[in-house]
Amino acid sequence: MALLPILCYPDPRLHKVAKPVTVFDERLQQRVADMFETMYDAKGIGLAATQVDFHERLIVIDVSEDRDQPLVLINPEITWASEEHHVGDEGCLSVPGIYDGVERSAAVRVKAQDAQGQSREISAEGLLAVCIQHEMDHLLGKVFVEYLSPLKRNRIKTKMLKLQREAR
């Protein structure tokens, strides 16, 4: 396993639309393992392949307190979303240290494949539903700050660019 570098906003690669996974092989299994290791190391609850510069429709999630309920969603599609919405503070491993309110469906149903290519359907609510929607946005090339006002987004972009310059 290996820790993967996480792309930071406003890296343009975060805006690439991911392609469907068509081959379920050892390379994919390794990618899944590396993504979980990276996510756990970064203290995250979800990671989309786009964030580690793999542009395939692959998400890893673990919202459990004990970090022992890994969930792999490949080629995910939301088949149903509740009409009820909630606004909650979201953060992102690609936008470290930034949290802001984003409106999401309170519950979703998702059709996806697991790491072996088996189809599955998951119903989620609360934090898991939010996490799924957030990570699926990444697969479409969208970062959560794009839900914020242009003013907030520009402030975040400026702050992130400054932090990246200082880190060099």
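You'll find the structure just up there.
All figures in this text were calculated on a predicted structure; none of them were measured in a lab.

Caption draft 1: The sheet that holds strand β6 (residues 107–113), seen in detail. Across the sheet, five strands lie side by side as β1-β2-β3-β6-β7; this open sheet has antiparallel pairing. Unpaired on one side and paired on the other, β1 (46–48) and β7 (119–125) mark the two borders of the sheet. Between one strand axis and the next, the sheet turns through 40° on average, direction left out of account. Two elements, strand β2 (residues 58–61) and strand β3 (residues 71–81), share four bridges in a ladder whose sense is antiparallel. Residue pairing for β3: I59 is matched across the bridge by L73. Against the sheet, helix α1 (residues 26–41) contacts β1, β2 and β3, and its axis sits at roughly 40° relative to β2. Running at roughly 150° to β2, helix α2 (residues 126–139) makes contact with β1, β2, β3, β6 and β7 of the sheet.

Caption draft 2: Summary view of α2. Between the first and last C-alpha of α2 there are 21 Å, a value that for 14 residues agrees with the 20 Å anticipated at 1.5 Å per step. Of all 14 residues in α2, ten are buried, a share of seventy percent or more. Along α2, the positions that sit buried rather than exposed are A129, C131, I132, Q133, H134, E135, M136, D137, H138 and L139. At the C-terminal side of α2, G141 shows a positive phi close to 80°.

Caption draft 3: Looking closely at the nonpolar core. Counting 17 residues, the largest nonpolar core has V32, M35, L47, L58, V60 and V72 as the members making the most contacts within it. At the level of secondary structure, the elements contributing two or more residues to this core comprise α1, β2 and β3. Ranked by residues supplied to this core, first place goes to α1 with five residues. Discounting residues that sit within four places of it in the chain, V60 has contacts with V32, M35, F36, M39, I45, G46, L47, L71 and V72.

Caption draft 4: How the structure looks around α1. Taking 1.5 Å per residue as the helical rise, α1 with its 16 residues ought to reach 22 Å, and the 22 Å between its terminal C-alpha atoms agrees with that figure. Among all positions of α1, only L28, R31, V32, D34, M35, F36, T38 and M39 are buried. For α1, the N-terminal cap is D25; the gap from its side-chain oxygen to the backbone nitrogen of R27 is 3.3 Å. Just beyond α1, the residue with positive phi is K43, at close to 65°.

Caption draft 5: Broad picture of the pattern of salt bridges. Per the counting criterion, the structure on display carries eight salt bridges. One salt-bridge network, held together by shared partners, links D11, R13 and D53.

Caption draft 6: Layout of the side chain of S105. Along the polypeptide, S105 turns up in strand β5 (residues 95–105). According to the relative accessible area criterion, S105 is buried, its value standing at 8%. From its side chain, S105 meets the backbone oxygen of S82 in a polar contact 3.4 Å long. Non-local contacts of S105, meaning those with residues more than four positions away in its chain, are made with A81, S82, E84, H85, A129 and Q133.

Caption draft 7: Region of the structure containing the environment of L7. Tracing the backbone shows L7 in the segment before α1. In sequence terms L7 and A49 are 42 residues apart; their C-alpha atoms lie 10 Å from each other.

Caption draft 8: Spotlight on the packing of aromatic side chains. Taken as a whole and assessed by the stated rule, the structure comprises one aromatic pair. Look at F36 and Y40: their rings are 5.8 Å apart centre to centre, the planes differ by 25°, and that puts the pair in the stacked class. Taken together, the residues span about one helical turn, with F36 and Y40 both in helix α1 at a distance of four residues. Sitting over the face of the ring of F54, R31 holds its NZ or CZ atom 3.5 Å from the ring centroid.

The rules we used
- Residues numbered from 1 in each chain as written.
- Predicted model: local features only at pLDDT ≥ 70, side-chain atom pairs only at ≥ 80, totals over all residues.
- Heavy atoms only, no water.
- Pairing = 2+ DSSP bridges.
- Helix = DSSP H or I, 4+ residues; strand = E, 2+ residues; numbered from the N terminus.
- Axes fitted to C-alpha atoms, helices over the stretch in contact; angles between N-to-C directions.
- Contact = heavy atoms within 4.5 Å.
- Expected span 1.5 Å × (residues − 1).
- Buried < 20%, exposed > 50% of the residue type's maximum accessible area, 1.4 Å probe, protein only.
- Core = buried A, V, L, I, M, F, W, Y, C linked by side-chain atoms within 4.5 Å.
- Polar contact = N/O pair within 3.5 Å; in protein donor to acceptor, adjacent residues only side chain to side chain.
- Salt bridge = Lys/Arg side-chain N within 4 Å of Asp/Glu carboxyl O.
- Phe/Tyr/Trp six-rings, centres within 6.5 Å; stacked < 30°, edge-to-face > 60°.
- Lys NZ or Arg CZ within 6 Å of the ring centre and 35° of its normal.

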